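Chain by chain, the residues run as shown.
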2 protein chains.
Amino acid sequence: MSPLVDLKCEACRNDEPCVTGAESLDLLKEIPDWRIVQREGVQRLERVYTFPDFAQAIRFTDQVAFLAEEIGHHPAILTEWGRVTVHWWTHKIKGLHPNDFIMAAKTDGIYEIRTDGS
Amino acid sequence: MSPLVDLKCEACRNDEPCVTGAESLDLLKEIPDWRIVQREGVQRLERVYTFPDFAQAIRFTDQVAFLAEEIGHHPAILTEWGRVTVHWWTHKIKGLHPNDFIMAAKTDGIYEIRTDGS
C-alpha cells in the first residue's frame with residue numbers, strides 16, 4: 001500500500017496553488033490505479049473499482065463516504081451494479097491538491113482490506 | 001405523489017421492446033422532475049436531488065440502494081456533497097421499460113418522505 005495512506009490531509013486555503021504537472025506525475029506513481037481526468041475544465045483523480053454485485057458496491061460506497069465525513073473532504077461516488085467510480089478533487093482550488101492523492105490512497109486502502117477479506 | 005409509485009415492477013425479458021416515444025411522454029407526465037438523457041446510445045431517466053450536506057446525500061443513496069436490492073432492479077447513483085443524481089434504465093433491453101418509470105416514482109417517494117420529515 002502507498003505510504004500516502006498514512007499521511008494526514010492538511011487544511012486547504014482558497015489561494016493555494018493546484019499541484020503542478022510534475023508533482024502530479026510523482027504522486028500518481030504512488031497510486032498507479034488512478035488517472036487524471038478533466039470534468040468541466042477541472043482536473044480530478046478517477047478510479048473504477050469492481051465488485052461481484054450491487055450490495056458489495058454500495059457497501060464500499062458507504063465506507064468511502066464514512067472516510068470522507070471523518071476527514072471532511074468529499075468525493076463524487078458513482079455506484080452501479082458491480083462497479084464504483086470515485087473522483088477526488090479540491091473544490092476550493094478547482095483542481096488537485098496533495099490531499100486528493102492522500103484520499104485516493106486511503107480509498108485504495110479500504111478496497112484492499114475488503115478484498116483481503118480482513 | 002404519482003400513482004406509478006404503487007405499481008409493481010414486472011419481470012422484464014430480453015426480447016421485450018423499449019417504451020415508444022409516445023409512451024415515454026405519457027409516463028414522464030407522472031414524474032415531471034425526471035428527464036430522458038442519452039448515455040452511450042442508451043436512453044435513461046435522470047433526476048438530480050439536492051440536500052443540505054453530504055451526510056443527507058449518502059443517506060438518500062443508501063435508501064435508494066435498499067429499494068433497488070429489494071426489487072432487484074439497479075440504478076446508477078452519483079453521490080456528491082449536497083447532491084445525488086439517479087439514473088434508471090433497463091440493461092437487458094438497453095433502454096427504457098415501464099419498470100424504470102415505476103422505480104423513478106418510488107425514488108421520488110423516498111425523497112418526499114425525507115423532506116416531509118416523516
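Residues numbered from 1 in each chain as written. Chains lettered and ligands numbered in written order. Predicted model: local features only at pLDDT ≥ 70, side-chain atom pairs only at ≥ 80, totals over all residues. Heavy atoms only, no water.

### Let's talk about the sheet that holds strand 1 (residues 35-39) of chain A
Strand order in the open sheet formed by eight strands is 1(A)-2(A)-4(A)-3(A)-3(B)-4(B)-2(B)-1(B), with antiparallel pairing between adjacent strands. Across the chains shown, the open sheet's two edge strands, defined by having one partner strand only, are strand 1 of chain A together with strand 1 (35-39) of chain B. This sheet shows a mean twist of 30° between the axes of neighbouring strands, independent of strand direction. Note: strand 3 (residues 76-80) of chain A against strand 3 (residues 76-80) of chain B, three bridges, orientation antiparallel. Looking across to strand 3 of chain B, one finds that L78 of chain A is bridged to L78 of chain B. Across the face of the sheet, helix 2 (residues 54-71) of chain A comes into contact with strand 2 (42-50), strand 3 and strand 4 (83-88) of chain A together with strand 3 of chain B while running at roughly 165° to strand 3 of chain A. (Pairing = 2+ DSSP bridges. Helix = DSSP H or I, 4+ residues; strand = E, 2+ residues; numbered from the N terminus. Axes fitted to C-alpha atoms, helices over the stretch in contact; angles between N-to-C directions. Contact = heavy atoms within 4.5 Å.)

### Focus on the relation of the copies chain B and chain A
When chain B is brought onto chain A, the operation consists of a screw motion whose angular component is 180° and whose axial shift is 0.0 Å, with 0.0 Å RMSD remaining. In the structure described here, the two chain copies are related by an operation that fits a two-fold rotation axis. Residue L78 of chain B, judged by its C-alpha, is the member of chain B lying nearest the rotation axis, at 2.1 Å. By residue overlap, the copies meet face to face through one surface: 100% of the interface positions of chain B are interface positions in chain A. (Least-squares fit on C-alpha atoms with pLDDT ≥ 70 in both.)

### Quick word on helix 2 of chain A
Along an α-helix, residues three or four positions apart point the same way, because every turn accommodates 3.6 residues. All names here are of chain A. Helix length check: helix 2 (18 residues) gives 26 Å between terminal C-alpha atoms against 26 Å at 1.5 Å per residue, within 8%. Those residues of helix 2 not exposed but buried are F54, A57, I58, F60, T61, V64, A65, L67 and A68. In this structure D53 caps helix 2, since a side-chain oxygen of it lies 3.3 Å from the backbone nitrogen of A55. Once helix 2 finishes, G72 follows within two positions and takes phi at roughly 80°, a positive value. (Expected span 1.5 Å × (residues − 1). Buried < 20%, exposed > 50% of the residue type's maximum accessible area, 1.4 Å probe, protein only. Polar contact = N/O pair within 3.5 Å; in protein donor to acceptor, adjacent residues only side chain to side chain.)

### Section: the pattern of salt bridges
Residues and elements named next belong to chain A. This structure, assessed with the given rule, holds 12 salt bridges over all chains. A salt bridge links D26 to K29, with the nearest nitrogen and oxygen atoms 3.4 Å apart. R47 is the partner of D108 in a salt bridge, and the nearest nitrogen-oxygen pair spans 2.6 Å. Within this pair, whereas D108 is found in helix 3 (residues 98-116), its partner R47 is found in strand 2, the two being separated by 61 residues in sequence. Classification of R47 as buried rests on a relative accessible area of 12%. Residues joined in a network through salt bridges with shared partners are D33, R47 and D108. (Salt bridge = Lys/Arg side-chain N within 4 Å of Asp/Glu carboxyl O.)

### Observations concerning the interface of chain B and chain A
At the junction of the two partners, chain B supplies 17 residues and chain A supplies 17 residues. Taken over both partners, the interface formed by chain B and chain A buries close to 1300 Å², and the fraction arising from carbon and sulfur atoms is 66%. Viewed at the interface, chain A and chain B are joined by zero salt bridges. Summed over the shared surface of chain B and chain A, the number is two residue pairs in polar contact (both at pLDDT 80 or more). Elements represented by at least two residues in the side of chain B that touches chain A include exactly helix 2 (54-71) and strand 3 of chain B. For the side of chain B that touches chain A, the element with the most residues is helix 2 of chain B, which contributes eight residues. (Buried area = accessible area lost by both parts, 1.4 Å probe.)

### As for the side chain of T90 of chain A
Residue and element names in this part refer to chain A. Mapped onto the elements of the fold, T90 is located in the loop between strand 4 and helix 3. Among the residues examined, T90 registers a relative accessible area of 4% and is labelled buried. Here D100 takes part through its side chain, which lies 2.6 Å from a polar atom of the side chain of T90. Once you skip the residues sitting within four places of it in the chain, T90 turns out to touch C12, H73, G95, H97 and D100.

### Examining the packing of helix 2 of chain A against helix 2 of chain B
Put simply, helix 2 of chain A and helix 2 of chain B touch, their axes get as near as 11 Å, and they point 170° apart. The angle between helix 2 of chain A and helix 2 of chain B falls in the class roughly antiparallel. The segment helix 2 of chain A lies against helix 2 of chain B, with F54, A55, I58, T61, D62, A65, A68 and E69 of chain A engaging F54, A55, I58, T61, D62, A65, A68 and E69 of chain B. (Parallel < 35°, antiparallel > 145°, perpendicular 65-115°, else oblique.)

Such coordinate-based values are descriptive only and should not be taken to indicate function.
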